[in-house]
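Fold and contact review
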Amino acid sequence: MSSNEWEKYTLGDIVDVKHGYAFKGEFFSDTPTNDILLSPGNFHIGGGFKSDKFKYYNGSYPKDYILKENDIIVTMTDLSKNGDTIGYSAKIPFEENKNFLHNQRLGLLIFKNSEFDKDFIYWLLRTNHYQLFIANSATGTTVRHTSPTRIKEYEFRAPDFYSQKIISSVLSSIENKIENNLQTNRTLEEIARAIFKDWFIYFNYPNADARIKQSEFGEIPSDWDILGIGEVCYVQNGYAFKSNDFKTEGEVGIIKIKNINGNVVDIENTDFVDYNVISKLDKKFKVESRALLIAMTGAQVGKVGLVPLSEKHLWLNQRVGMFKEKIAFGNLFMYLLLSSDTYQTNIQNSALGSAQPNISASAIESIRAIIPTAELIEQFGKIVNPMFEKILDNLAENETLKITRDSLLPKLMSGEIDVNSSNE
């Protein structure tokens, strides 16, 4: 069935869009509670739920603003220059003993037409065609806004209910595989962190005095010492690429601070340069799979991330640091150390500059910790390394799955791929 034969609708024929509640800022909290306050920051670019950087709420509110599993929400406000998340959809996941709260900057889809598959609409709201319609009509400059009325004005064509189900099931199966891989990764990392804490309990206390450690946990082993973390790894600065070298497409990806997110380095959404720009650069700026990177300036200062397995040509931009091991498995040791809440706070407190926090490679290397022997770090690394290899494998598979999903999405939604003929 050609898309020209599909029926024409507006979103307003299918759904209403409910505004969220104006939760009181005085009760916002970074400390975890049972109530998670959602925001546009919980949407990936391109749509989909982003389960990090949660904000919490510690006050009373109307209970009809608690979202349910599989509810579909859309962003109605966007702080980015390009408005590249506004209007996109996300689906509420299950989180045991947690409430997801419907904040005022989000819209909740209320379905009023049972002839439509809800997941088909969810995927429709993740297409570029729809998002451009919303972004191009958004109001505001610094902060972009859309409205339920504008969202409901979007026109589209849709096949029969059976074909909608096939389309949404194909896309959702890919999405579910991505989420399963992420859940596996979260579990593996939790195990690795538990082992780390069991072996190196002292690392919860940066810059600690050895005498304090003695009184709390017993005497530190005689062959351990309080040293700068540069004894385990040194930090390689990135290269100062020129702004006019950057392109939106290409084969040589440049890793910037924006690419460090959620303890992972995003190697897909990079800026690019031509080969001639890097042809004469020192290879020390080349980013390999498994590398550990750290943001050295701005709001993300101190954030670390591992580079997924890839054959991409990746190079390091200025103000991003890359750890270089001095001892075996030093990067895994350093990743678990520096991504802990305690050391994240320690790095941020060490950053200089009020308007724009900065930290140098030497300052990172000077951060003190209780360092065990190289032999013990290597023993630890041999235990957790298979876990991180699986994590990196899953991240690489997810990148392939995302490319497949993003390629299929517009073709399925436009009828370019006829799902009925493929199933005859």
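Above this note sits the structure.
The sections below set out a description of the structure shown in this document.

The rules behind the values
Residues numbered from 1 in each chain as written. Predicted model: local features only at pLDDT ≥ 70, side-chain atom pairs only at ≥ 80, totals over all residues. Heavy atoms only, no water. Core = buried A, V, L, I, M, F, W, Y, C linked by side-chain atoms within 4.5 Å. Buried < 20%, exposed > 50% of the residue type's maximum accessible area, 1.4 Å probe, protein only. Salt bridge = Lys/Arg side-chain N within 4 Å of Asp/Glu carboxyl O. Helix = DSSP H or I, 4+ residues; strand = E, 2+ residues; numbered from the N terminus. Arc of directions from axis to C-beta. Contact = heavy atoms within 4.5 Å. Axes fitted to C-alpha atoms, helices over the stretch in contact; angles between N-to-C directions. Parallel < 35°, antiparallel > 145°, perpendicular 65-115°, else oblique. Left-handed = near helix turned anticlockwise from the far one by under 90°. Nonpolar A, V, L, I, M, F, W, Y, C, P; charged D, E, K, R; others polar. Pairing = 2+ DSSP bridges.

On to the nonpolar core, then. Ranked by internal contacts, the top residues of the largest apolar core, which has 46 residues, are Phe323, Met334, Leu337, Leu338 and Phe388. Of all hydrophobic cores here, the second largest spans 33 residues; its members include Ile14, Val15, Val17 and Leu124.

This model, assessed by the stated rule, comprises 20 salt bridges. For Lys152, the salt bridge identified is with Asp16, shortest N-O distance 3.3 Å. With a gap of 136 residues between them, Lys152 in helix α4 (residues 148-152) and Asp16 in strand β2 (residues 15-19) connect regions that are remote in the sequence. For Asp274, the salt bridge identified is with Lys247, shortest N-O distance 2.7 Å.

All right, on to helix α3 (residues 128-136) then. Every buried residue of α3 is listed here: Tyr130, Gln131, Ile134 and Ala135. Within α3, the buried residues cover an arc of 130° as seen down the axis, which keeps them to one side. Summarising the geometry of α3, the exposed residues directed more than 90 degrees from the buried face are Asn128, His129 and Asn136. In this structure, the buried residues of α3 make contact with α1 (11-14), α2 (118-124), β12 (144-145) and α4.

Between helix α5 (residues 161-199) and helix α11 (residues 374-414), the shortest axis-to-axis distance is 9 Å and the interhelical angle comes to 165°. Our classification of the angle between α5 and α11 gives roughly antiparallel. In this structure, α5 meets α11 at a crossing whose hand is left-handed. Broken down by class, the residue content of the contact of α5 with α11 amounts to 25 nonpolar, seven polar and seven charged.

It is worth spelling out the environment of Asp245 at this point. Locating Asp245 in the fold gives a position in the loop between β15 (233-236) and β16 (252-255). Judged by its relative accessible area of 22%, Asp245 is partly exposed. With 32 residues separating them in the primary sequence, Asp245 and Val277 have C-alpha atoms 7.5 Å apart. Excluding its chain neighbours within four sequence positions, the residues that come into contact with Asp245 are Phe272, Val273 and Val277.

Examined bridge by bridge, β2 and strand β11 (residues 106-111) share five bridges and lie antiparallel to one another. Note on β11: the bridge partner recorded for His19 is Gly107. Bridging between strand β7 (residues 72-75) and β11 involves three bridges; their strand directions are antiparallel. Within β11, the position partnered with Ile73 by the bridge is Leu108.

None of the figures reported here should be taken as evidence of function without further support.
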